[in-house]
Amino acid sequence: MVGAGAAGLYAALVAAGTGARVALISRSPLAQTASYWAQGGIAAALAADDSVERHLDDTLAAGRAMAHASAARVLCEESPGRVGDLQELGVSFDADRGGNLALGLEGGHSRRRVVHAGGAATGRRITRDLSALAATDERIDVLEPLAASSLATHDGRCVGLIARPRRGDPVGVLARAVVLATGGMAALWERSTNPRGAIGAGLSLAHGAGADLADLEFMQFHPTALRHDGPRDGFLITEAVRGEGATLVNAAGERFVDELAPRDQVALAIEAELERSGERAVGLDVRGVDMDRFPNIAAVLEEVGIDPRRDLVPVAPAAHYTMGGVAADLDGRSSVPGLYAVGESACSGLHGANRLASNSLAECFVFGRRAGLAACADPQPPTVTIPSDEPATSIPTEQTRAALWRHAGLQRDAAGLAHLLEDPFPLARLIAASCLARDESRGAHQRTDHPGTDPALDGTHTLVGGDGEPRFELWE
Ligand SMILES: Cc1cc2nc3c(=O)[nH]c(=O)nc-3n(C[C@H](O)[C@H](O)[C@H](O)COP(=O)(O)OP(=O)(O)OC[C@H]3O[C@@H](n4cnc5c(N)ncnc54)[C@H](O)[C@@H]3O)c2cc1C
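What you see is a predicted model, and the numbers here were worked out from it, not measured in a lab. (Residues numbered from 1 in each chain as written. Predicted model: local features only at pLDDT ≥ 70, side-chain atom pairs only at ≥ 80, totals over all residues. Heavy atoms only, no water.)

1. Digging into the pattern of salt bridges
At step 1: If you walk through the whole model with that rule in mind, you get 37 salt bridges.
At step 2: The shortest N-O distance in the salt bridge between R73 and E77 comes to 3.3 Å. Of this pair, R73 and E77 are both found in helix α4 (residues 69-88), four residues apart, which corresponds to roughly one turn of the helix.
At step 3: Residue R73 is classed as partly exposed on the basis of its relative accessible area of 31%. (Salt bridge = Lys/Arg side-chain N within 4 Å of Asp/Glu carboxyl O. Helix = DSSP H or I, 4+ residues; strand = E, 2+ residues; numbered from the N terminus. Buried < 20%, exposed > 50% of the residue type's maximum accessible area, 1.4 Å probe, protein only.)

2. Section: the layout of surface pockets
At step 1: By volume, the second largest pocket amounts to about 350 Å³.
At step 2: As for the second largest pocket, its lining consists of 20 residues, of which R21, V22, A23, A175 and A177 are closest to the centre.
At step 3: The set of elements that each furnish at least two residues to the lining of the second largest pocket consists of β1 (22-25), β7 (157-165), β8 (171-174), β9 (178-180) and α10 (359-376).
At step 4: The element best represented in the lining of the second largest pocket is β1, accounting for three residues. (1 Å grid on protein atoms, 1.4 Å probe; cavity = no way out; pocket = protein on both sides within 12 Å on 5 of 7 lines; lining within 4 Å. Points joined across faces, edges and corners; volume = space filled by probe spheres on them.)

3. Regarding the side chain of S345
At step 1: Along the polypeptide, S345 turns up in the loop between β16 (339-341) and β17 (346-347).
At step 2: Assessed through its relative accessible area of 0%, S345 is described here as buried.
At step 3: Apart from the residues within four sequence positions on either side, S345 is in contact with L180, A181, T182, G183, L203, G325 and V326. (Contact = heavy atoms within 4.5 Å.)

4. Thoughts on the packing of aromatic side chains
At step 1: Counting across every chain of the model gives three aromatic pairs.
At step 2: Their ring planes at 80 degrees and their centres at 5.5 Å tell us that Y36 and W37 sit as a pair that is edge-to-face.
At step 3: Accessibility expressed as a relative area gives 35% for W37, which makes it partly exposed.
At step 4: When the ring centre of Y321 is taken as origin, the NZ or CZ atom of R355, which lies over that ring, is 4.2 Å away. (Phe/Tyr/Trp six-rings, centres within 6.5 Å; stacked < 30°, edge-to-face > 60°. Lys NZ or Arg CZ within 6 Å of the ring centre and 35° of its normal.)

5. Quick notes on the packing of helix α1 (residues 6-17) against α10
For any two helices packed against each other, one specifies the inter-axial angle together with the distance between the axes.
At step 1: Interaxial distance between α1 and α10 falls to 8 Å at its minimum, and their mutual angle equals 35 degrees. For α1 against α10, the interelement crossing comes out right-handed. Here A6, A7, Y10, A11, V14 and A15 of α1 come into contact with α10, specifically with L361, C364, F365, G368, R369, G372, L373 and C376.
At step 2: In terms of residue class, the contact of α1 with α10 is built from eleven nonpolar, two polar and one charged. (Axes fitted to C-alpha atoms, helices over the stretch in contact; angles between N-to-C directions. Left-handed = near helix turned anticlockwise from the far one by under 90°. Nonpolar A, V, L, I, M, F, W, Y, C, P; charged D, E, K, R; others polar.)

6. Description of the site of the ligand
At step 1: In the vicinity of the ligand there are 38 residues, among which S28, S35, G40, E344 and L361 approach most closely.
At step 2: Between A6 and the ligand, the recorded distance is 3.2 Å, taken from a backbone N or O atom to an oxygen atom.
At step 3: E344 places a polar side-chain atom, nitrogen or oxygen, 2.6 Å from an oxygen atom of the ligand.
At step 4: Isolated, the ligand exposes 1000 Å² of accessible area, and the fraction of that covered by the protein chains is 97%. (Near = heavy atom within 4 Å. Polar contact = N/O pair within 3.5 Å; in protein donor to acceptor, adjacent residues only side chain to side chain. Areas by Shrake-Rupley, 256 points an atom, 1.4 Å probe, with all protein chains shown as cover.)

7. Brief notes about helix α9 (residues 295-303)
At step 1: Inspection of α9 places N296, I297, V300 and L301 among the buried residues, and these make up the whole buried set. Buried residues along α9 cover an arc of 140 degrees about the axis, so they all sit on one side.
At step 2: Residues of α9 that are buried make contact with α5 (122-136), β11 (219-226), α7 (239-243) and β14 (313-322). (Arc of directions from axis to C-beta.)

8. Describing the sheet that holds strand β13 (residues 282-285)
At step 1: Strand order across the open sheet formed by four strands is β11-β14-β13-β12, with antiparallel pairing between neighbours. Each edge of the open sheet is held by one strand with a lone partner, namely β11 and β12 (247-249). Neighbour to neighbour, the strand axes of the sheet diverge by 45 degrees on average, direction disregarded.
At step 2: Pairing of β12 with β13, which is carried by three bridges, proceeds in the antiparallel orientation. Note on β13: the bridge partner recorded for T247 is D285. (Pairing = 2+ DSSP bridges.)

Structural data, given as structure tokens:
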């Protein structure tokens, strides 16, 4: 298991639960996972007035005719069960006055269905509880800090990996299956809500082993990330705050968008407002919201000198979520036998061109479980020696991050993307090639030189294999 965020921890616990021995390899401490920072919660159709079909309809609508229906159905059907599993493992979710699970409302959801913990500290609570379980499970060997640097293949099958400690020699790990749970790549963009380590390491590892990557053009930009000259720039103000009544206002103090529309719409409306006004941020008016419900956000606002009872919070979009990833089936299998991907590093097509809020933590648990079980059923690896490697991963420079923000931001065109094809960071080149292949605008992918959506591309995903050449594939 590579990665100890929500997906890796949960998949490791499920695999260990079948009696398997699991090596859980993680490059960084818990507080540097995206999972730790998740604020809103887990989407699950649990309310009396909700249903799997409603959740599915909302997911497909948000995905802009690109969400892979069978993956979305699996998510919506299995998410309530996974919330129950987490409760059984000891995770305590927030309850309403009647003692039932308190369900939040977020953009794009037609019902209250977001389960949360500690107000907006959901990720922190869940990962803390799951990592304590993993640390004490005798079938799980936690290897940390250790960074997977390449995958080992034998006869076309993934048989293990090579990992590097901060100091010392590389370590070879032979395994019946490798599950990548390395998170997304939003930190490749200059302005991001993600921890710095979210640079798509799993995508680079998988590509190095010849696996297909999918939908790299679809990066979700969160509409309301704090705009601040300092380290808190990009801090996320969860959609749940808008769900509780916060409004967005322009420089004239006027509302300009339905705050609870799906993310792509709200982010683009803010971008248009910023272009029109020349301002760096719009205002999020939280004065009518009880910020005691969001203590970690209130604390950060206080830290940067913003009084939410009096001031507007300056916000602007930032790169937030990787809809694309390692192409994976409904059990997390990649195109290379023995190699799996789950959580944000995977692309089952579930989110299409625009992820519905709080579907990603749900994805970590639903598909983490499926991959954990499937990987345990793979055959034993052959007895081979893992050779020393040419690392498949590297660290992007600030120039690459600036170039991605400039040329593959909320709005892009062919001329800018062509510059990115020359970028020294290999994953940036694959992103540019995928963006260029899709001659249309859709969801999070907005091409100023192709402003319309091409219905002929509905359901058609962009794949890049070992040769780096994008191709289209229809996923039904
Ligand atoms: C601020 C913020 C708020 C969010 N809020 C929500 C929310 O409310 N609801 C929701 O559904 N989603 C939310 N998301 C998205 C969600 O948190 C992520 O999609 C999800 O947590 C990803 O989990 P993961 O396990 O796939 O990856 P991560 O949690 O990012 O974990 C990745 C792991 O991989 C390890 N790793 C990476 N590369 C290597 C390597 N080469 N070798 C070894 N280990 C490696 C890292 O150290 C880490 O342990 C939010 C995201 C952010 C950033």
